[in-house]
Amino acid sequence: MANAFVAAFEILSFGAIIVLIVLGLGIIASMMGIFNFAQGEFVLLGAYITYLAYAKGMPIWTGMVAAPFVVGALGFVLEALIIRRFYAAPIVAMLGTYALGLIIRESVRGLIGGFYLTVPEPVGGSIDIGAMHISAWRFTIIVITLLVMAGCYLLLSRTSFGLRMRATLENPSLARASGISTPLMYGATFAFGSALAGLAGALIVPVFSLYADLGLRFLIQGFVAVMVGGVGSFIGPVAGAGVIGTLSAALPWVMAPVVADVLVFVLAIVFIKFRPQGLIAGKGV
């Protein structure tokens, strides 16, 4: 019974990590019509900023709080300078973001020298429930993920900012006629998705350490999760992340991890083949 509970907790915590990463990717894909293949590197940047704060002797929470703001600001600048020029050609936009991601990844690799760098957990120890012990930091990640999900949903669906954002991305011409600055809203949307990736990197670096290919570990899983969940809605990518995260964490308990990874992608491909619109399809948030 104890082993089953611990396994369920590990599956839930890994699913929460995937959800965190997919939130930003899903918002950009659903609302802007492009897949940001630099999203994994934005996760890497969030992890690197957290490490820098720790290496400079500052509290780890300082880096974790700064990471989403710094990465979001970078995303805003990149959208204005580069990505904005490719909205009419989504394939070119994907290639452009992939190139940006490659530049970021290799830059970080040069800065850290190809090493694996560790960052301690801000909330150490374990939570004891009888004879069971679960990681306090992984539990914290789950709680933060739930709060971020709720905050994102409320921001996008219950605020004037969210209304302007959705109006801009669903009907730019009408939004401009209504006095909304569409370039600003596009930049804000991309920055928001980038900031979520930075937050994800900041939270997971104590679990997975910092190395140059950290973002690659989750980029493909995030991409598949968005496709499985469905582009065009807020709930779709989150549902897809839950499915892919659960399978990715659960299958290695019953089979070899390499076989489990392959099986997850095979199942996802089969699902997308028969339901290309995903679990939940929609035209807006």
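Residues numbered from 1 in each chain as written. Predicted model: local features only at pLDDT ≥ 70, side-chain atom pairs only at ≥ 80, totals over all residues. Heavy atoms only, no water.

The protein chain has the name Branched-chain amino acid ABC transporter permease in an unreviewed UniProt entry, where Bradyrhizobium betae is given as its organism. Under Subcellular location (unreviewed entry), UniProt gives the following word-for-word description of the protein chain: "Cell membrane". According to its UniProt record, the protein chain has this under Sequence similarities (unreviewed entry): "Belongs to the binding-protein-dependent transport system permease family. LivHM subfamily." (UniProt positions renumbered as here; feature names shortened; annotations may be inferred.)

## A few points about the overall build of the protein chain
Counting its regular elements, the protein chain contains eleven helices and two strands. Mapped in sequence order, the helices and strands of the protein chain form the string α-α-α-α-β-β-α-α-α-α-α-α-α. Radius of gyration (C-alpha) of the protein chain: 19 Å, near the 19 Å computed for a compact globule of 285 residues. Viewed in the frame of its principal axes, the protein chain has a C-alpha envelope of about 65 × 50 × 35 Å. (Helix = DSSP H or I, 4+ residues; strand = E, 2+ residues; numbered from the N terminus. Rg over C-alpha atoms; globule rule 2.2 N^0.38 Å.)

## Brief notes about the packing of helix α2 (residues 39-55) against helix α4 (residues 90-112)
Running from N to C, α2 and α4 point in directions that differ by 30 degrees, and their axes come no closer than 9 Å. One element, α2, and the other, α4, form an angle in the roughly parallel class. α4 is crossed by α2, and the crossing has left-handed handedness. Where α2 abuts α4, its residues Glu41, Phe42, Leu44, Leu45 and Tyr48 lie against Gly101, Ile104, Arg105, Val108, Leu111 and Ile112. Of the residues assigned to the contact of α2 with α4, the class counts are eight nonpolar, one polar and two charged. (Axes fitted to C-alpha atoms, helices over the stretch in contact; angles between N-to-C directions. Parallel < 35°, antiparallel > 145°, perpendicular 65-115°, else oblique. Left-handed = near helix turned anticlockwise from the far one by under 90°. Contact = heavy atoms within 4.5 Å. Nonpolar A, V, L, I, M, F, W, Y, C, P; charged D, E, K, R; others polar.)

## Side note on the pattern of salt bridges
Under the definition given, this model contains six salt bridges. Arg84 serves as the salt-bridge partner of Glu79, at 2.7 Å between the closest nitrogen and oxygen. Ionic pairing is found between Arg105 and Asp213, a salt bridge with its closest N-O pair at 3.8 Å. Note that Arg105 is positioned in helix α4 and Asp213 in the loop between α8 (182-208) and α9 (214-229), a separation of 108 residues in sequence. A relative accessible area of 29% means that Asp213 is categorised as partly exposed. Here the residues in one salt-bridge network are Glu41, Arg105, Glu106, Arg109 and Asp213, joined through shared partners. (Salt bridge = Lys/Arg side-chain N within 4 Å of Asp/Glu carboxyl O. Buried < 20%, exposed > 50% of the residue type's maximum accessible area, 1.4 Å probe, protein only.)

## A word on the side chain of Gln39
Its place among the elements puts Gln39 in helix α2. Here the side chain of Gln39 touches Gly193 through a polar contact of 3.1 Å, landing on its backbone oxygen. In this structure, Gln39 is in contact with Ile21, Gly24, Leu25, Ile28, Gly193, Ala197 and Leu219, ignoring residues within four places of it in sequence. (Polar contact = N/O pair within 3.5 Å; in protein donor to acceptor, adjacent residues only side chain to side chain.)

## Here we look at the UniProt feature "transmembrane region" (unreviewed entry) in the protein chain
The sites that UniProt annotates as "transmembrane region" (unreviewed entry) are residues 6-27, 34-54, 60-83, 136-156, 184-212, 218-244 and 251-272. Secondary structure within residues 184-212 divides into 86% helix and 0% strand; the distance between the first and last C-alpha atoms comes to 32 Å.

## Focus: the nonpolar core
Phe42, Val148, Leu203, Leu210 and Phe218 are the most contacted members of the largest nonpolar core, which totals 85 residues. With 17 residues, helix α1 (residues 2-32) is the single largest residue contributor to this core. Non-local contacts of Val148, meaning those with residues more than four positions away in its chain, are made with Leu20, Leu23, Leu196 and Leu199. (Core = buried A, V, L, I, M, F, W, Y, C linked by side-chain atoms within 4.5 Å.)

## Some words on the environment of Asn171
Looking at where Asn171 falls in the secondary structure, it is placed in the loop between α6 (160-170) and α7 (172-177). Linking Asn171 and Leu81, residues 90 residues apart in sequence, is a C-alpha distance of 23 Å.

## Thoughts on empty space enclosed by the protein
Per the counting criterion, the structure on display carries three cavities of 30 Å³ or more. As a volume, the second largest cavity reaches approximately 50 Å³. Ile21, Leu25, Gln39, Gly40, Val43, Gly215, Phe218, Leu219 and Gly222 together form the lining of the second largest cavity. Among the elements of the structure, α1, α2 and α9 are those that each provide at least two residues to the lining of the second largest cavity. If you tally residues by element for the lining of the second largest cavity, the top one is α9, at four residues. Here the lining of the second largest cavity is built from residues that sort into five nonpolar, four polar and no charged. (1 Å grid on protein atoms, 1.4 Å probe; cavity = no way out; pocket = protein on both sides within 12 Å on 5 of 7 lines; lining within 4 Å. Points joined across faces, edges and corners; volume = space filled by probe spheres on them.)

## Here we look at unusual backbone geometry
Here Ser209, not a glycine, exhibits a phi torsion of approximately 70 degrees, which is positive. Its location among the elements puts Ser209 in the loop between α8 and α9. In this structure Ser209 comes out as buried when scored by relative accessible area, which is 18%.

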